[in-house]
Amino acid sequence: MKPLKAWARTLLAQDGLAILLVAGLLATGLTFIYSASWRGEGIVGAWFSRQILWVIIGSVVAFALMLMDYRFWINQAWWFYALSLLLLVLVLLVGKKVYGAYRWLNIFGILVQPSEFAKVAMVLVLARVLGSPGVRTRSFGTVLGALILAALPFLLILKEPDLGTAMVLVPTVLFMLFAAGAALRHLFGMGLIGLVLSPIGWLTLGNYQRDRIMTFLDPSRDPLDSGWNALQSAIAVGSGGFSGKGFLNGTQNVLGFLPRTVSPSDFIFPVLAEETGFIGASLLLLAFLFLLSCYIRTAWTSKDPAGSLLATGIAGLLFCHVFVNIGMTIGLLPITGLPLPFVSSGGSFMVSTLAGFGLVQSVHVRRMRRED
Amino acid sequence: MSRDRSNQIHVWRLLLLWGIMAGLFGVLTVRLWNLQVSQGREYQRRLVKQSLRSVRLPGARGRILDRRGIPLADNRPSYCVSLFLEELRRPGSVQRTVDNVMTVLDRLSEVMDRPRALFSQDVRQHLRRRTPLPLVAWKDLDEEAIARFMEHESEFPGVALTVEPVRVYPLEQQGCHLLGYVGRADVSKLLDQAEGEDVEKFHYYLPEMAGKSGVEKRLDGVLRANAGGKLEIQVDVVGFKFDEVLRRVPGQGSDVVLALDARIQQAAEELLGDDRGAVVVVDPRNGDILALASAPGYNPNDFVPSIPSSIWNRLLKNEGRPLYNRATAGEYAPGSTFKPVTLLAALHSGKVKADTRYSCPGYYQLGSARFRCWQHWGHGSIDLKSAIRYSCNVYLFNAAMACGPEAIQEMARSCGFGRKTDISLDYERPGLVPDDEWKRRTRHDGWRDGDTCNQAIGQGALLVTPLQLAMYAAALANGGTLWTPRLIHQIVPVDGDPQEILPAEAAGGPDWTPRHIRIVREGMREVVNAPDGTGKRAKLPNIVVAGKTGTAEYGVKGAGNKMTWMIAFAPYENPTVAVAFLVEDGVSGGTTVAPRIKALLTQVFAEAETGAASSPEGGEG
């Protein structure tokens, strides 16, 4: 009777708003993946059914994580961290090459992205390190240690190369350090060093990465190659107007101007923005902002610093993905190939995002309560 | 739980993080507003520009009908097999699509038992330049090929039978010079004729026909549907058709009803036969062109949609110059058909009266030169009417010398010679009425009495067109009204009232005293009806015909090359028909042309009778 009662309590203590928001985002994602892979007359590409499968798998994972105590994962964080580094090394050695990058690992016929796993592992290990009792977060040594912990997966992911995912790690680490109470001068100092080192980073970038950044700075430079997606997604978003063209009435992806290979994944936002206009696009942003608020509230009410940092880190990942993905489709940021959480199609990413959500829920369930 | 540990989470830090995130989302929202609301229209325009293609659809060309509604130029459907490339495309390189199209073409060729008309470079070019449009693989298929295709149609997805209108001239060679022909239109000229204040530009133009000569050319703007249809094709990123919307239904050109009578035209052409020559038949009551024939001719159907080079070369090499419209562009010496002009001028001057007699010894002595009458032994002493009847040159020389060359030239001009008649046909020639000024300018010599004598009998440098001569014959018939030739009766738009073209008198027409013209007409009646008249072979049993023959020498003197003429009108009292008939290199007007005039008028009046007759037993035999 006792465990059953505890489970019931756990379920009742969920963050109902967050669950509602995530369910809404998943439904939105499925709706517009349907639209993006629509071939007319009810013929829908394989993206849609695959996405349903991944949503189910991700939800099961999220549900399981929700019921389990997050402190277990915090305690095992080092193992995960080590495992994620191992996988990242493996992907460089035996990974599958897609579009010139080694990002995928073939595990029993299923392609997975270790970088997705590594993101969560990094957040867990940082939450453990920065949230453990007695850590002096204001010391420079702690900050440096945290940065080194983040730098290992960062460099390995950059080597794949997957600039977008790697770049997401940087603000996430800074968010967690800041929330953990790191001295501002240390953070600014780090930022300054980063700026000084960035020319060296430029030299280590691949040609296509430099091209993308150059094209972002001047989209007309090469409109048919690297600038094409940026231009076409801006046309898709812009032509949506205030109220959009209506579901399935968007033409940019139907006619192939927005390449069909990317429209259900990295460029799902232009599909949505073209069909639902400014109203739909800003509602989507609002939903993400509410979800982030839920995560931050969870961080606030967490029983221990580790849970708090875990929620902050997951929030940081979510925010970076949303901001970079939408920013690149509307010409604010260079094209980096980063998907939109809960909405874009993609297996590993869907599972990792929902896993992050499950972890935050797990923290939320075990929050401080007035009656405790 | 205590919150006093060293690594305690500070609420303000979390709130600040939230604030940063909310602020950056605000930036996204502002950017979205700019893109979608402020610049929404601009992006909408760019979307349309990259994904919409407009096609001008040619409208149906109007028909050309004769005065009774017999179609002279019409449209017929041509059945084509067309390939819809968006259904035949293959992913990957263009070559794969080209290969697939070629495979389909080969299979079609086998099924229809027709040689393949397209090569891979044609397909490639179409894919590059006209991707969203169907590719026409075979045109103008016969029934058997159509049946063969239809039998196998289901095996060929992306291939369909399409219909194109093709210009057709049902009477073939008949009236070819007058009707003209059509050919592939020039797109740049289509723009000029587009209706409305803005010249509408299209991405693609479908092949359209434009008049290249004759009425087809002159009335092209009327016959052609100027407001073409507009088809909007939505194309995908590669340029293939995704969807299409018909924005505007193509218009339809107006029908043109000619004054021409197809049966008279046919009779005229049959009478010309294999000879070179021209016939113009006019209604003297209103200037209607009832027939306008020139021989040899050509088949305008050969020109649609474009003329094969073998036929074109044959037409160009033909010494008879079949493309050349002798009736309006041919300039000839009128010979004796001109004599009424000289006599009318002489009468008008008052120097010669109806009863003035001159003696004809067979020649006219002018200084040391002797101008011969065609009757070498002479006509004796004759009056003006007899001079017409016998076509006596000497009488004419005397009369011309009496009234002077200026009077003749003035009279000739008032009869419409020396200037274009303004018939609605291209390449009309003005002819030439030579005078002193002309001679000084071109020959650097003054006008001499010899020139006057030559001019008096329609020789010398004087040149007329058969059309001018017909209009002048009509004026003689109606007593002095020179009409502007009326080629077109009506323009009939598809919607709206028919536009009538009213008869119009030519400016500067003759001003004949009724007494004078009566004498000349009487003389012309005797030409045909007197047993010794020069045009007696044109005499009809039941209708009084009046006329004047003419035989004009040309080329090297004494070589015997002659243009043989006859002008005529009938019935004498209230003429309804006037004719000018030319046969090049005939024997003489009286022997070569007069019988043909007879045959022509017989047919005209038989037509008129049967056309108007209500009782079958009305004819006498």
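1. Points about the overall build of chain A
Regarding its fold elements, chain A presents 14 helices and 3 strands. Residue burial in chain A is summarised as follows: out of 372 residues, 51% are buried. Considering only contacts in chain A between residues 6 or more positions apart, those separated by 24 or more positions represent 72%.

2. Brief notes about the overall build of chain B
Across its full length, chain B carries 22 helices and 24 strands. Against the compact-globule benchmark of 25 Å for 621 residues, chain B has a radius of gyration of 36 Å, which places it well outside the compact range. Out of the 621 residues in chain B, the part that is buried amounts to 44%. Pairs at least 24 residues apart make up 72% of the contacts formed inside chain B by residues separated by at least 6 positions.

3. Observations regarding the confidence of the model for chain A
On average, residues of chain A score 85 in pLDDT, and 89% of them are at 70 or above. Ranking the elements of chain A by mean pLDDT puts helix α10 (residues 207-217) of chain A last, at 66, and helix α12 (residues 268-301) of chain A first, at 94.

4. Digging into the interface of chain B and chain A
Each partner contributes to the interface: chain B provides 36 residues, whereas chain A provides 47 residues. Elements with a contribution of two residues or more to the side of chain B that touches chain A: α1 (11-38) and α2 (40-51) of chain B. Ranked by residue count, the leading element in the side of chain B that touches chain A is α1(B), at 17 residues. Of the residues contributing to the side of chain B that touches chain A, the split by class is 19 nonpolar, 12 polar and 5 charged.

5. Considering the domain arrangement of chain B
On domain assignment, one finds that chain B holds domain 1 (50-70 + 171-258), domain 2 (77-165) and domain 3 (262-297 + 322-487 + 503-613). Each of domain 2 of chain B and domain 3 of chain B has a C-alpha centre, and these two points are 60 Å apart.

6. Some points on the nonpolar core
With 122 residues, the main nonpolar core has Leu124(A), Leu126(A), Tyr295(A) and Leu310(A) as its most contacted residues. The element that contributes the greatest number of residues to this core is α12(A), accounting for 16 residues. When residues no more than four places from it in sequence are discounted, the contact partners of Leu126(A) are Ala146(A), Leu149(A), Ala150(A), Val173(A), Met176(A), Leu309(A) and Gly313(A). Residues Leu396(B), Ala546(B), Ala552(B) and Val604(B) belong to the second largest nonpolar core, which totals 120 residues.

7. Considerations on the sheet that holds strand β9 (residues 229-235) of chain B
Think of a sheet as strands paired side by side through backbone hydrogen bonds, with each pair either parallel or antiparallel. Read from one edge of the open sheet, 4 strands run β7-β1-β9-β10 (chain B), paired in mixed fashion. The open sheet terminates on both sides in strands that have one partner only, identified here as β7 (204-205) and β10 (241-248) of chain B.

8. Let's talk about the sheet that holds strand β22 (residues 546-553) of chain B
Residue and element names in this part refer to chain B. If you trace the 5 strands from one edge of the open sheet to the other, you get β13-β12-β24-β23-β22, paired in antiparallel fashion. Of all strands in the sheet, those with a lone pairing partner are β13 (288-295) and β22, marking the two edges. When the angles between neighbouring strand axes are averaged without regard to direction, this sheet yields 10°. Here strand β12 (residues 277-283) runs beside β13; their pairing, made up of 7 bridges, is antiparallel. Following the sheet pairing, Val-279 is matched in β13 by Ala-293. Strands in contact with helix α11 (residues 262-272) are β12 and β13; relative to β13, the strand with the most contacts, it is inclined by about 30°. Where helix α20 (residues 466-478) meets the sheet, it contacts β12, β23 (562-570) and β24 (577-584), and its direction lies at approximately 145° from that of β24.

9. Some words on the pairing of strand β11 (residues 255-258) of chain B
A regular strand carries its side chains on alternate faces of the sheet. Residues and elements named next belong to chain B. The two faces of β11 match: Asp-255 and Val-257 on one face and Val-256 and Leu-258 on the other face are all buried. The sheet contact formed by strand β2 (residues 64-65) and β11 spans 2 bridges and is parallel. By the bridge assignment for β11, Leu-65 is matched with Val-257. Bridging between β11 and strand β19 (residues 488-492) involves 4 bridges; their strand directions are antiparallel. Its bridge partner being in β19, Leu-258 is matched across the sheet by Ile-488.

10. Side note on the pairing of β23(B)
Residue and element names in this part refer to chain B. Counting buried positions along β23 gives 9 out of 9 residues, so the element sits mostly inside the fold. Along β23, one buried face is formed by Lys-562, Thr-564, Met-566, Ala-568 and Ala-570 and the opposite face, lined by Met-563, Trp-565, Ile-567 and Phe-569, is buried too. Two elements, β22 and β23, share 8 bridges in a ladder whose sense is antiparallel. Bridging across to β23, Ala-546 finds its partner in Phe-569. Pairing of β23 with β24, which is carried by 8 bridges, proceeds in the antiparallel orientation. In the strand pairing of β24, Ala-568 is matched with Val-579.

11. Overview of unusual backbone geometry
All names here are of chain B. With an omega of 0°, the peptide bond between Ala-295 and Pro-296 qualifies as cis. One non-glycine residue, Asp-140, lies in the positive phi region at around 55°. Among the residues examined, Asp-140 registers 13 C-beta atoms within 10 Å and is labelled partly exposed. One non-glycine residue, Ser-391, lies in positive phi territory at about 55°. Positionally, Ser-391 belongs in the loop between α15 (384-390) and α16 (393-403).

12. Points about the confidence of the model for chain B
All names here are of chain B. Within chain B, residue pLDDT values average 88, and 95% of them lie at 70 or more. Low pLDDT (under 50) marks residues 1-7, which in the prediction has 13 contacts with non-local residues, meaning those over four places away or in another chain. Reported confidences for the modelled complex are a pTM of 0.74 and an ipTM of 0.91.

13. What about the environment of Thr301(A)?
Residue and element names in this part refer to chain A. Relative to the elements of secondary structure, Thr-301 occurs in helix α12. Judged by C-beta crowding, with 17 C-beta atoms within 10 Å, Thr-301 ranks as partly exposed. Considered as a pair, Thr-301 and Gln-113 are 188 residues apart in the sequence and their alpha carbons are 32 Å apart. Not counting chain neighbours up to four residues away, the residues in contact with Thr-301 comprise Arg-367 and Met-368.

14. Let's talk about the environment of Leu14(B)
Residue position: Leu14(B) is located in helix α1. By the C-beta count within 10 Å, which is 21 here, Leu14(B) ends up buried. Setting aside its immediate chain neighbours within four residues, Leu14(B) contacts Ala179(A), Ile296(A), Ala299(A), Trp300(A) and Ile9(B).

What counts, and at which threshold
Residues numbered from 1 in each chain as written. Chains lettered and ligands numbered in written order. Predicted model: local features only at pLDDT ≥ 70, side-chain atom pairs only at ≥ 80, totals over all residues. Helix = DSSP H or I, 4+ residues; strand = E, 2+ residues; numbered from the N terminus. Buried ≥ 20, exposed ≤ 12 C-beta atoms within 10 Å, placed from the backbone. Contact = placed C-beta atoms within 7 Å. Rg over C-alpha atoms; globule rule 2.2 N^0.38 Å. pLDDT = per-residue confidence, 0-100. Nonpolar A, V, L, I, M, F, W, Y, C, P; charged D, E, K, R; others polar. Domains from an automatic or database assignment. Core = buried A, V, L, I, M, F, W, Y, C linked by C-beta atoms within 7 Å. Pairing = 2+ DSSP bridges. Axes fitted to C-alpha atoms, helices over the stretch in contact; angles between N-to-C directions.

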